[in-house]
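# Architecture at a glance
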Amino acid sequence: MKAMILAAGRGVRMRPLTDTTPKALLVAGGKALIVWQLEKLARAGFADVVINHAHLGHLIEAAIGDGSRFGLSIRYSAESEALETAGGIALALPLLGAEPFLAINADIYTDYDFSALAGLRLEDRLAHLVLMDNPPQHPRGDFALAAGRVHEGGKPLLTFSGIGVYAPRLFGGIPPRAKVPLAPLLRKAMTAERVSGEHYRGRWHDIGTAERLEALDTDLRRGVA
């Protein structure tokens, strides 16, 4: 299975840090956020990774290179402007191939073991999502989980972690370089009972603000993240 790291976001809420540094390269615990992801993917047995980028994307390519120092083969999908999640994935499909793939937001930190998803067979499903307990900054949650299937409504609502396995056909029909968000596609697939999920209760941090980046940095340096 291939993996994709979604790194095209502008990181507006983290300005001025992201005025000169793409969010994926912001540092916590002595490493760029994206480096934590790449090291975890390599340990989990992944070999081929696609990274999409837009804002200051050339800095990501310069910092990460071809992936050989991580034991990975990395290819890049460049967006002249961010295409939102589904649009970015659709543009990268030629690099991802015809099989289901793992996609991870670049701006999260987690101890989730990606090897748990490496051999996942979606069969008739279009997606498999990892859901988390709701963090303080997102108390309402996103989706419900019942009998292994993800639903738009229901209780309790959990938060989507930014970790998912997707079938390429979920993104079929998206025009090249169209800006398309992921949530409407997922909701349509949920209505058809074609999205499975799991509830992960381990460590997970959504690094959406400078304050949360600083908090993660402190935790990592103390060895508690």
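This write-up is about the structure you can find in this document. (Residues numbered from 1 in each chain as written. Predicted model: local features only at pLDDT ≥ 70, side-chain atom pairs only at ≥ 80, totals over all residues. Heavy atoms only, no water.)

## Description of the overall build of the protein chain
For the protein chain, the helix and strand inventory stands at 7 helices and 13 strands. In terms of overall dimensions, the protein chain is globule-like: its C-alpha atoms have a radius of gyration of 17 Å, near the 17 Å expected for 225 residues. Referenced to the eigenvectors of the C-alpha coordinate spread, the extents of the protein chain come out at roughly 40 × 35 × 30 Å. Scored against the burial criterion, the 225 residues of the protein chain give a buried share of 50%. Contacts spanning at least 24 positions in sequence make up 74% of the contacts within the protein chain whose residues lie at least 6 apart. Of the roughly 10,400 Å² of accessible surface on the protein chain, a fraction of 51% belongs to carbon and sulfur atoms. Computed over 26 positive and 24 negative side-chain charges, the separation of the two mean positions in the protein chain equals 2 Å. (Helix = DSSP H or I, 4+ residues; strand = E, 2+ residues; numbered from the N terminus. Rg over C-alpha atoms; globule rule 2.2 N^0.38 Å. Buried < 20%, exposed > 50% of the residue type's maximum accessible area, 1.4 Å probe, protein only. Contact = heavy atoms within 4.5 Å. Areas by Shrake-Rupley, 256 points an atom, 1.4 Å probe, with all protein chains shown as cover. Lys, Arg positive; Asp, Glu negative; His and termini not counted. Charge placed at Lys NZ, Arg CZ, Asp CG, Glu CD.)

## Some points on the side chain of Glu-79
Mapped onto the secondary structure, Glu-79 falls in the loop between strand E5 (73-78) and helix H4 (84-96). One buried charged side chain, Glu-79, makes no salt bridge at all; its nearest oppositely charged neighbour is Arg-177, positioned 6.8 Å away. Of note is the side chain of Glu-79, whose polar atom sits 2.8 Å from the side chain of Asn-52. With residues near it in sequence (within four places) discarded, Glu-79 still touches Ala-8, Asn-52, His-53, Ala-54, Gly-88, Leu-91 and Arg-177. (Salt bridge = Lys/Arg side-chain N within 4 Å of Asp/Glu carboxyl O. Polar contact = N/O pair within 3.5 Å; in protein donor to acceptor, adjacent residues only side chain to side chain.)

## A closer look at the pattern of salt bridges
All chains considered together, the criterion is met by 9 salt bridges. A salt bridge links Arg-15 to Asp-19; its shortest N-O distance comes to 2.6 Å. You can call Arg-15 partly exposed: its relative accessible area is 48%. Here Asp-19 falls in the partly exposed class, since its relative accessible area comes to 31%.

## A word on helix H2 (residues 33-43)
Buried residues dominate H2, accounting for 8 of its 11 residues. Turning to H2, its buried residues are Leu-33, Ile-34, Val-35, Trp-36, Gln-37, Leu-38, Lys-40 and Leu-41. At the C-terminal side of H2, Gly-45 shows a positive phi close to 95°.

## Quick word on the nonpolar core
Membership of the largest hydrophobic core comes to 66 residues, with the highest contact counts inside it found for Ile-34, Ile-51, Ile-64, Leu-102, Leu-129, Tyr-166 and Phe-171. Per-element tally for this core: the top contributor is H4, with 7 residues. Formed by 10 residues, the second largest nonpolar core is a distinct cluster that contains Leu-26, Ala-28, Leu-33 and Tyr-109. (Core = buried A, V, L, I, M, F, W, Y, C linked by side-chain atoms within 4.5 Å.)

## What to know about the environment of Ser-196
Counting through the fold element by element, Ser-196 comes out in strand E12 (residues 195-200). Classification of Ser-196 by relative accessible area gives buried; the value is 3%. The spacing of Ser-196 and Leu-122 is 74 residues in sequence and 8.6 Å in space, taken between C-alpha atoms. Residues in contact with Ser-196, not counting those within four places in the same chain, are Arg-125, Ala-127, His-128, Leu-129, Gly-148, Arg-149 and Val-150.

## Notes on the layout of surface pockets
One number sums up the size of the largest pocket: a volume of about 1,000 Å³. Along the walls of the largest pocket sit 41 residues, with Thr-85, Asn-105, Asp-107, Phe-160 and Gly-162 positioned nearest its centre. Every element with two or more residues in the lining of the largest pocket is listed here: strand E1 (3-7), H4, strand E6 (101-105), strand E11 (157-166), helix H6 (183-191) and strand E13 (204-206). Grouping the amino acids of the lining of the largest pocket by side-chain chemistry returns 21 nonpolar, 11 polar and 9 charged. Roughly 150 Å³ of volume is contained in the second largest pocket. (1 Å grid on protein atoms, 1.4 Å probe; cavity = no way out; pocket = protein on both sides within 12 Å on 5 of 7 lines; lining within 4 Å. Points joined across faces, edges and corners; volume = space filled by probe spheres on them. Nonpolar A, V, L, I, M, F, W, Y, C, P; charged D, E, K, R; others polar.)

## A short note on the pairing of E11
Along E11, 9 of the 10 residues are buried, which leaves the element largely enclosed by surrounding structure. As paired strands, strand E8 (residues 127-132) and E11 are joined by 5 bridges and run antiparallel to one another. Its bridge partner lying in E11, Ala-127 is registered against Tyr-166. As paired strands, strand E9 (residues 143-146) and E11 are joined by 2 bridges and run antiparallel to one another. Within the sheet, the bridge partner assigned to Phe-143 lies in E11 and is Leu-158. (Pairing = 2+ DSSP bridges.)

So far we have only geometry, and geometry alone does not tell us how the molecule works.
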